[in-house]
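# Structural characterization, general
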Amino acid sequence: MLSVFFADDAFLAIEELDNLARVGSNNWADYSFILEPEKTVSPGLLRICNIAPGSVDVDEVRLRQRGGDERPIVSSIADLRIRQLGVKSIRWPAGTDADRFLWKESIGILSDRGENIDTFGKYQTTSWGLHEFLDYCEQNDLVPLITVNVTDDPENSADLVEYILGSPYTPMGQLRENNGRQLPWNVRHFELGNEPTPLYQEEYDFDNTSLGYIKIAKATAIAMSERAEELGVEIELQGVVDATFAAADWISAVPMLSSWNANVLDHETGLIPYIDSIKGNFYSAFTYESEKKNLYDEVMAGGSTLATIFGQFNDAIGPDHSFWLTEYSVFVQRSFPDDIDLSYAKDFQSGLAVADLLMTAIKNNFGGAYLFNLSEEDTWGVLANNTDFRLRPGGIVFSMLAQMAGEYILPVSIENNTKIKIKGGKGNNPGGMEYEIVSAIATYTEHRAQLYILNRSYNEDIEIELSETGFATWSTEVYQYASENISANNEENEDNVKIVQSSLLPGTKNFTFPPRSLTRIVLLH
């Protein structure tokens, strides 16, 4: 006999134990159960228990909403949080899983979909598949960015272009219509792979993995571009560069990485003739310091290191190819390769690091910037759990900076902006680098101007006298992200880390910015 039920993290049932089925001897069969949990818990478990002598082999488990149309939707609370974040674009399927992802297994009704293998070797049904992703982007006016599996047959990637953008009279367009969508979606951006990995090695040795990547990415780019031309549509393809370690002092000791960018960005033998832009991932700071201030200074050097790497790309390819930052977050690593401390990706300091990297992306006019990831609570998700989906510090800061989306960037300067010098050299920050204590961005629309001030100092207030020209202010609002505890988080209490709002009298010119803070000043007129 087999019993199936939902349970809490103590393995105790949270529903009536009345789901029973008799298992046929030595025969594979499908078994269906209606599960009705009596309360909400996070994390939750699905228990499959054999309650009679013998053994049972389980091939796969698929969950779908009872009485629904078999297509999952984003929950109302998760959808609300996405709106509160101010997200403008979503990347899918993204990450290392994308290098094994077979898109044709993610379409059709849920019960007929195939399985995809994840980074850690686990098979899973893609319940939120291609249709769900693109429909959600369309409904919420979000720009989709699709990660293409370059290890797959290039013809399958060309079929992906046709499936998304072809008319219903094309073979893939007809398949799309059979799966419930007649008209093409409005999709333009595709990235060719995720990041440098031995999965792209092909017949080359490890040190020359970039040559394997060029081979398969070029074949994929040609197939996709030719199919797009046949369809009369325009697409943009992004090639993978190493944006994490390119400025590291030790990079020459790892030929696989040190040769990557030069090979990929070669104008004759690389990918440049076949792509429209480049993309890469960046995490701060792949190192660890036992002294809190020293570690803080290393993490907050990430934006300056990223800007240095971006300058290398501009020197190599010029302004014709934009750069997309397709993953960014905090990566504190006590030792190599396994001791990653994920608590630093969830604390107050991580929010400041997110501000640092995102402000760098805005200042340098990156094509896009994507936090990794949205809701995986055990790693870098910017939503803390799958119950109330509260924003983590990184998400709080993202929502704060998202307020400048669509506004004009104004020139801004900080007088007497002193610098912080770090040791560097171990992670991805170069040794002995310096960066300015204050980072600032100003934006403007018809009715308001905004000033964002990031004080990266560990322990010093920064006093600034604001001077604006050509702008009559009748009210000033201030929103501040600050905390005396850089390790504070809101995993259990959402009030531990938050934005504090205040108002100032018209004509206020002098501001004091506390250490380790991000301040948004809104000047209304």
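Within each chain, residues carry numbers counting from 1 in the order of the written sequence. This being a predicted model, a pLDDT of at least 70 is required before a residue's local features are given, and a value of 80 or more before pairs of side-chain atoms are given or counted; all residues contribute to the totals for chains, interfaces and linings. Side-chain calculation: all heavy atoms of the structure are included, whereas hydrogens and water are not.

## Side note on the side chain of Thr197
Let me state the cut-off plainly: Comment: elements are numbered from the N terminus, with helices defined as DSSP H or I runs of at least four residues and strands as E runs of at least two. Exposure is judged per residue with a 1.4 Å probe applied to protein chains only, and the accessible area is read against the type maximum: over 50% gives exposed, under 20% gives buried, and values in between give partly exposed.
Within the secondary structure, Thr197 is located in the loop between β8 (189-192) and α5 (209-231). For Thr197, a relative accessible area of 12% puts it in the buried group.

## Comments concerning unusual backbone geometry
That bond from Ser284 to Ala285 is cis: its omega, 5°, falls within 30 degrees of zero. Cis geometry is adopted by the peptide bond preceding Asn373, which originates at Phe372 and carries an omega value of -5°. With respect to the secondary-structure elements, Asn373 resides in the loop between β13 (368-371) and α11 (393-401). Despite not being glycine, Asn365 shows a phi value in the positive range, around 60°. Within the secondary structure, Asn365 is located in the loop between α10 (348-363) and β13. Residue Asn365 is classed as exposed on the basis of its relative accessible area of 65%. A positive phi angle, close to 55°, is found at Arg516, a residue other than glycine. By the secondary structure assignment, Arg516 is in the loop between β22 (510-513) and β23 (517-524). Given the relative accessible area of 10%, Arg516 is considered buried.

## A look at the environment of Ser517
By the secondary structure assignment, Ser517 is in strand β23. When its relative accessible area of 0% is taken as the criterion, Ser517 is described as buried. The spatial distance from the C-alpha of Ser517 to the C-alpha of Leu134 is 37 Å, given a sequence separation of 383 residues.

## Observations concerning the sheet that holds strand β17 (residues 438-444)
Strands belonging to one sheet form pairs held by backbone hydrogen bonds; the direction of such a pair is parallel or antiparallel. Note the following rule: A pair of strands is treated as paired once DSSP finds two or more bridges between them. Angles here are taken between N-to-C directions and fall from 0 to 180 degrees, while the axes themselves are lines fitted to C-alpha atoms, restricted in helices to the stretch in contact.
If you walk across this open sheet you meet the 6 strands as β14-β17-β18-β23-β20-β21, and the pairing is antiparallel. The strands lining the two open edges of the sheet, one partner per strand, are β14 (408-410) and β21 (499-504). Taking the axes of each pair of neighbouring strands and ignoring which way they run, one obtains an average angle of 20° across the sheet. Where β14 meets β17, 3 bridges bridge the pair, whose relative direction is antiparallel. Looking at the pairing, Leu410 lines up with Ala442 of β17.

## Re the packing of aromatic side chains
Here is the rule: Geometry of aromatic contacts follows a simple scheme: Phe, Tyr and Trp rings, the Trp one being its six-membered ring, pair when their centres are within 6.5 Å, and the pair is stacked under 30 degrees between planes, edge-to-face over 60, tilted otherwise.
Overall, the coordinates contain 22 aromatic pairs when judged by the stated rule. On the numbers, 4.0 Å between centres and 10° between planes, the contact of Phe286 with Phe331 is stacked. Of the two residues, Phe286 sits in strand β10 (residues 277-287) while Phe331 sits in strand β11 (residues 322-335), which places them 45 residues apart along the sequence. Judged by relative accessible area, Phe286 falls into the buried class, the value being 18%. Note on Trp324 and Tyr370: the rings are 6.4 Å apart at their centroids and 15° apart in plane angle, and the pair reads as stacked. Pair noted here: Trp324 is in strand β11 and Tyr370 is in strand β13, with a separation of 46 residues, a long-range link.

## Overview of the nonpolar core
Under the convention used in this document: Only buried residues count toward a nonpolar core. Its members are Ala, Val, Leu, Ile, Met, Phe, Trp, Tyr and Cys residues joined through side-chain atoms within 4.5 Å.
Residues Leu130, Ile164, Phe190 and Tyr213 are the most contacted members of the largest nonpolar core, which totals 118 residues. Top element by residues in this core is α10. It accounts for 9 residues. Ranked by size, the runner-up nonpolar core spans 9 residues in total, among them Phe245, Met256, Leu257 and Trp380.

## Side note on the sheet that holds strand β2 (residues 20-21)
Sheet architecture is open: 3 strands sit in the order β2-β1-β3, paired in antiparallel fashion. In this open sheet, the two edge strands, each paired with only one partner strand, are β2 and β3 (45-50).

## With respect to the pattern of salt bridges
This is how it is decided: By convention in these notes, a salt bridge is any Lys or Arg side-chain nitrogen within 4 Å of a carboxyl oxygen on Asp or Glu.
In the structure shown here, the tally under the stated rule is 24 salt bridges. Two residues, Glu191 and Lys279, come together in a salt bridge whose shortest N-O distance is 2.9 Å. Of this pair, Glu191 sits in strand β8 while Lys279 sits in strand β10, placing them 88 residues apart in sequence. Here the two residues Glu191 and Lys279 agree in accessibility, since each one is buried. We note a salt bridge from Arg456 to Asp356, for which the minimum N-O separation is 2.7 Å. With Arg456 in the loop between β18 (448-455) and β19 (462-465) and Asp356 in helix α10, this residue pair connects regions lying 100 residues apart in the sequence. With a relative accessible area of 5%, Arg456 lands in the buried category. Taken together, the shared-partner salt bridges in this structure form one network comprising Lys104, Glu155, Asp159, Glu162, Arg227 and Glu230.

## Quick notes on a nonpolar patch on the surface
Worth spelling out the cut-off: Candidates for patches are residues over 30% relative accessible area with no salt bridge; among them, like charges are joined within 9 Å and nonpolar side chains (Val, Leu, Ile, Met, Phe, Trp, Tyr) within 5 Å. Using the Shrake-Rupley algorithm and a 1.4 Å probe, accessible areas are obtained, with residue cover drawn only from the displayed protein chains.
The grouping of Ile48, Val56, Val58, Val61 and Leu63 at the surface amounts to a nonpolar patch, some 380 Å² of accessible area in total. Accessibility expressed as a relative area gives 35% for Ile48, which makes it partly exposed.

## Here we look at empty space enclosed by the protein
As a reminder of what qualifies: Here the term cavity refers to a set of points on a 1 Å grid, laid over the protein atoms alone, in which a 1.4 Å probe fits but cannot get out; the term pocket refers to an open set having protein on both sides within 12 Å along at least five of seven lines, with lining residues being those that place an atom within 4 Å of a point. Grid points are joined across faces, edges and corners, and a volume is the space filled by probe spheres set on the points. Ten residues, namely Ala, Val, Leu, Ile, Met, Phe, Trp, Tyr, Cys and Pro, are considered nonpolar, four, namely Asp, Glu, Lys and Arg, are considered charged, and the remaining ones, Gly among them, are considered polar.
Enumeration according to the criterion identifies 2 cavities of 30 Å³ or more in this entry. Counted as a void, the largest cavity has a volume near 80 Å³. Lining the largest cavity, in full, are Trp92, Pro93, Phe101, Trp103, Ile146, Thr147, Val148, Asn149, Asp152, Ser157 and Leu160. Taken together, the elements giving at least two residues each to the lining of the largest cavity come down to β7 (143-148) and α3 (154-165). Taken together, the residues that form the lining of the largest cavity break down as 7 nonpolar, 3 polar and 1 charged. Of the residues contributing to the lining of the second largest cavity, the split by class is 5 nonpolar, 4 polar and 1 charged.

## Examining the pairing of β11
For β11, a buried count of 11 out of 14 residues is recorded, marking the element as mostly surrounded by other parts of the structure. Bridge count for β10 against β11 is 10 bridges, and the pairing is parallel. The residue of β11 that forms the bridge with Ile278 is Phe323. With 3 bridges connecting them, β11 and β13 associate as parallel partners. Of the residues in β13, the one forming a bridge with Tyr328 is Leu371. Looking at chain direction, β11 and strand β12 (residues 339-340) are connected through 2 bridges and run antiparallel.

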